[in-house]
Amino acid sequence: MEPKASDTDDFLESTVLLDEAQYEEGFKDGYNDGLGLGKEEGREVGLKLGFQVGEELGFYRGCVDVWSSAIRVDPGAFSARLRKSIEQLGELVDKYPLSEPENEQVQEMMNTMRLKFRVISAMLGVRLEYEGYPKSSETDVVDF
């Protein structure tokens, strides 16, 4: 008995359909697994970055508090320009939108704080750097 052309087509069609069904099932399984893992990984990355931002803001707040205390003890110890820069850094730290992580200006504000901190450090004649973010130069850094 010779196979008819329609029998051959049916056989190939069922094979193709089986292959497509397995592909679709595998895709759905992978997609669902990826959704769960992606959310968990996103949560971990968010916690890590949030901690780093908080740590850096805390460093700047601590420096501002120490410098402000020194100004209260001896107002003549710092120039008016330096006192104003310290006050501006304090205002930048206070205005940082902690509860608005999707605010588009957060990176710009952080860069402004870093720059203001470097200016104050230079005016004081000390070499202070927050060690949590990448440094502009790894050499000649003196730890205090």
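Rules and cut-offs
- Residues numbered from 1 in each chain as written.
- Predicted model: local features only at pLDDT ≥ 70, side-chain atom pairs only at ≥ 80, totals over all residues.
- Heavy atoms only, no water.
- UniProt positions renumbered as here; feature names shortened; annotations may be inferred.
- Helix = DSSP H or I, 4+ residues; strand = E, 2+ residues; numbered from the N terminus.
- Buried < 20%, exposed > 50% of the residue type's maximum accessible area, 1.4 Å probe, protein only.
- Contact = heavy atoms within 4.5 Å.
- Areas by Shrake-Rupley, 256 points an atom, 1.4 Å probe, with all protein chains shown as cover.
- Core = buried A, V, L, I, M, F, W, Y, C linked by side-chain atoms within 4.5 Å.
- Expected span 1.5 Å × (residues − 1).
- Arc of directions from axis to C-beta.
- Salt bridge = Lys/Arg side-chain N within 4 Å of Asp/Glu carboxyl O.

- Within an unreviewed UniProt entry, the label attached to the protein reads Protein LTO1 homolog, and the organism entered is Phoenix dactylifera.
- Under the UniProt heading Sequence similarities (unreviewed entry), the entry covering the protein gives this text: "Belongs to the LTO1 family."

### Side note on the overall build of the protein
- Tallying secondary structure elements over the protein gives three helices and zero strands in all.
- Beginning at the N terminus, the succession of helices and strands in the protein can be written as α-α-α.
- Here the protein holds 144 residues, and the buried ones make up 19% of them.
- Counted over contacts in the protein with a minimum sequence separation of 6, partners at least 24 positions apart contribute 54%.
- A total accessible area of about 11100 Å² is found for the protein, and carbon and sulfur atoms account for 55% of it.

### Section: the side chain of Ser121
- Along the polypeptide, Ser121 turns up in helix H3 (residues 106-124).
- Ignoring anything within four residues of it in the chain, the contact list for Ser121 reads Val126 and Leu128.

### Describing the UniProt feature "domain: Essential protein Yae1 N-terminal" (unreviewed entry) in the protein
- The sites that UniProt annotates as "domain: Essential protein Yae1 N-terminal" (unreviewed entry) are residues 26-64.
- What you have in residues 26-64 is 100% helix and 0% strand, and the ends, taken at the C-alpha atoms, are 56 Å apart.

### A look at the nonpolar core
- Core analysis: the largest hydrophobic core is formed by 19 residues, its most contacted members being Tyr60, Trp67, Ile86, Leu89, Tyr96 and Met113.
- Listed by contribution, the elements that provide at least two residues to this core are helix H1 (5-73), helix H2 (80-95) and H3.

### Some points on H3
- The end-to-end C-alpha separation of H3 is 27 Å, in line with the 27 Å expected for 19 residues at 1.5 Å each.
- Within the sequence span of H3, burial applies to Val106, Met109, Met110, Met113, Arg114, Lys116, Phe117, Ile120 and Ser121. Taken end-on, H3 shows its buried residues confined to a sector of 165°, consistent with a single buried face. Those residues of H3 that are exposed and aimed more than 90 degrees away from the buried face are Glu108, Leu115 and Ala122.

### Concerning the pattern of salt bridges
- Evaluated as defined, the whole model comprises three salt bridges.
- The partner of Arg61 in a salt bridge is Asp65, with the nearest N and O atoms 3.3 Å apart. A residue pair is termed a helical-turn pair when its members lie 3 or 4 positions apart in one helix, as Arg61 and Asp65 do in helix H1 at four residues.
- Under the relative-accessibility criterion, Arg61 is labelled partly exposed at 23%.
- Given the relative accessible area of 38%, Asp65 is considered partly exposed.
- Residues Asp94 and Arg61 are paired through a salt bridge, measuring 2.5 Å at the closest nitrogen-oxygen approach. With Asp94 in helix H2 and Arg61 in helix H1, this residue pair connects regions lying 33 residues apart in the sequence.
- Judged by relative accessible area, Asp94 falls into the exposed class, the value being 57%.
- Ionic contacts of the salt-bridge type, sharing partners, join the residues Arg61, Asp65 and Asp94 into one network.

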